[in-house]
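Structural overview for review
So the chains spell out like this:
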Amino acid sequence: MAALKQVCESQPFGRNLLKNPSPYGLTHKTPPPEVELSDVPPQGPPCFQAEGNYTDWTTRVERLPLDRSRIPQGAAVCGLPEYSWFTLEQRVDLKAEGICDELLDKSQPDIEIQDWYEESQVHEHIYQLHVKLLTADGQTVISEHHVEPTEDRSNYEHIWKEVSHVFTGYGPGVRYVLFSHRVKNMFLNEFFPTLVTDSSVTVKNTKFK
C-alpha cells in the first residue's frame, strides 16, 4: 500500500478531473443571470443552445415535439413554446489522470460527483444527470447514478441547485467515469436557457490518510 501511495498520491486526488467545468463562465457562488428580453423579438430561426465555451465537452441537441394537447379545437395560436434537451458529456480516464489500476481495484477510493443547475422555471423537468463508472473497454458499466428532479414551479427563486453523489465500494475494474448532464431549454419568440456550472468529478484520498 505504501508503494501505491507513493506512485499514485498528490496529483489525482482532491482535484476536479473534469476539464472546463463551467462552460458559461459562471459560478454557483453568484446568482444566475437574468434573461434580458429584447424590445423587438429577434428575427431568424429558433435557438436551441446557450452561447458558451464547450471545449472538452461532447454536446448534442434534441428538439422535442410541440405540445398541442392543451389547445382547444378551433383556437387560433400565435406561437407555442419549443423545448429542447441540450446534453454535455465528458469521459474521465482515471489512469491517464494518474490513478493506477491496482489502487482502483484494491482500495476503490471514493469518487465524488457534484453539479449545479439553474432553476430556470422553463418546465417542471429541466435537468438530468447520468454518471457511469466504466471498465477498460469504455462500455461496460460497473456502477451508475441517475438524477431527474421535478421542479416546483409555484415557488420561483431563480437560484443554483446542487446535485451530488459519492460512489463507494463499487468493485474492481473501474477505469473511466462518464459524466453526462442535460438541461431543458425553451424558445418562444426569444431563447430561455437552463444553465449549469461548477461540474466536478473528484477522487478522494481519505482512505490513505
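Structure: see above.
Residues numbered from 1 in each chain as written. Predicted model: local features only at pLDDT ≥ 70, side-chain atom pairs only at ≥ 80, totals over all residues. Heavy atoms only, no water.

Points about the overall build of the protein chain
In terms of helices and strands, the protein chain carries 2 helices and 9 strands. For the protein chain, the succession of helices and strands along the chain, N to C, is α-β-β-α-β-β-β-β-β-β-β. Every one of the 209 residues in the protein chain was classed for burial, and the buried ones make up 44%. A sequence separation of at least 24 residues applies to 83% of the contacts in the protein chain between residues at least 6 apart. (Helix = DSSP H or I, 4+ residues; strand = E, 2+ residues; numbered from the N terminus. Buried < 20%, exposed > 50% of the residue type's maximum accessible area, 1.4 Å probe, protein only. Contact = heavy atoms within 4.5 Å.)

So, the pattern of salt bridges
A complete count under the given rule lists 13 salt bridges for this structure. The residue glutamate 97 makes a salt bridge to arginine 15 at a minimum N-O spacing of 2.9 Å. Highlighted residues: glutamate 97 in the loop between β2 (82–93) and α2 (101–106) and arginine 15 in the loop between α1 (2–8) and β1 (58–63), separated in sequence by 82 residues. According to the relative accessible area criterion, arginine 15 is partly exposed, its value standing at 29%. For the salt bridge of aspartate 101 with arginine 175, the shortest nitrogen-to-oxygen distance reads 3.2 Å. Here the residue aspartate 101 occupies a position in helix α2, and arginine 175 occupies one in the loop between β6 (160–167) and β7 (176–188), the gap between them amounting to 74 residues. Sharing partners across several salt bridges, the network here consists of Lys95, Asp101, Asp105 and Arg175. (Salt bridge = Lys/Arg side-chain N within 4 Å of Asp/Glu carboxyl O.)

Details of the side chain of glutamate 119
By secondary structure assignment, the location of glutamate 119 is in the loop between β3 (111–118) and β4 (127–134). Using a relative accessible area of 2% as the deciding quantity, one classes glutamate 119 as buried. Separated by 3.0 Å, the side chain of glutamate 119 and the backbone nitrogen of histidine 158 make a polar contact. When neighbours within four sequence positions are excluded, glutamate 119 is seen to be in contact with Ile126, Glu151, Asn155, Tyr156, Glu157, His158, Ile159 and Lys161. (Polar contact = N/O pair within 3.5 Å; in protein donor to acceptor, adjacent residues only side chain to side chain.)

Focus: the pairing of strand β9 (residues 196–203)
The side chains of a regular strand alternate, residue by residue, between the two faces of the sheet. For β9, a buried count of 8 out of 8 residues is recorded, marking the element as mostly surrounded by other parts of the structure. Sheet topology places β3 next to β9; 6 bridges connect them, and they run antiparallel. Opposite tryptophan 116, over in β9, you have threonine 197 as the bridge partner. (Pairing = 2+ DSSP bridges.)

With respect to the packing of aromatic side chains
For the structure on display, the rule yields 4 aromatic pairs. Judged by centre distance (5.8 Å) and plane angle (85°), the rings of tyrosine 24 and tyrosine 54 are edge-to-face. Note that tyrosine 24 is positioned in the loop between α1 and β1 and tyrosine 54 in the loop between α1 and β1, a separation of 30 residues in sequence. On the accessibility criterion, tyrosine 24 (14% relative accessible area) is buried. On the accessibility criterion, tyrosine 54 (14% relative accessible area) is buried. (Phe/Tyr/Trp six-rings, centres within 6.5 Å; stacked < 30°, edge-to-face > 60°.)

A word on the pairing of strand β5 (residues 141–147)
Pairing of β4 with β5 involves 6 bridges; the strand directions are antiparallel. The residue bridging lysine 132 from the neighbouring strand is glutamate 144, located in β5. With antiparallel pairing between neighbouring strands as the criterion, β4 and β5 make up a hairpin whose turn holds 6 residues, including glycine 138 at a positive phi of roughly 75°.

Some points on the environment of threonine 55
Examined against the element boundaries, threonine 55 turns out to sit in the loop between α1 and β1. Spatially, the C-alpha atoms of threonine 55 and proline 21 are 9.9 Å apart, while their sequence positions differ by 34 residues. In terms of polar contacts, threonine 55 uses its side chain to reach the side chain of asparagine 53, at 2.6 Å.

Focus on unusual backbone geometry
Although it is not a glycine, glutamine 108 sits at a positive phi angle of roughly 45°. One can find glutamine 108 in the loop between α2 and β3. Not every positive phi belongs to a glycine, and glutamine 121 is a case in point at roughly 70°. Position of glutamine 121 among the secondary structure elements: in the loop between β3 and β4. We classify glutamine 121 as buried; its relative accessible area is 13%.

Nothing here speaks to function; it is all geometry.
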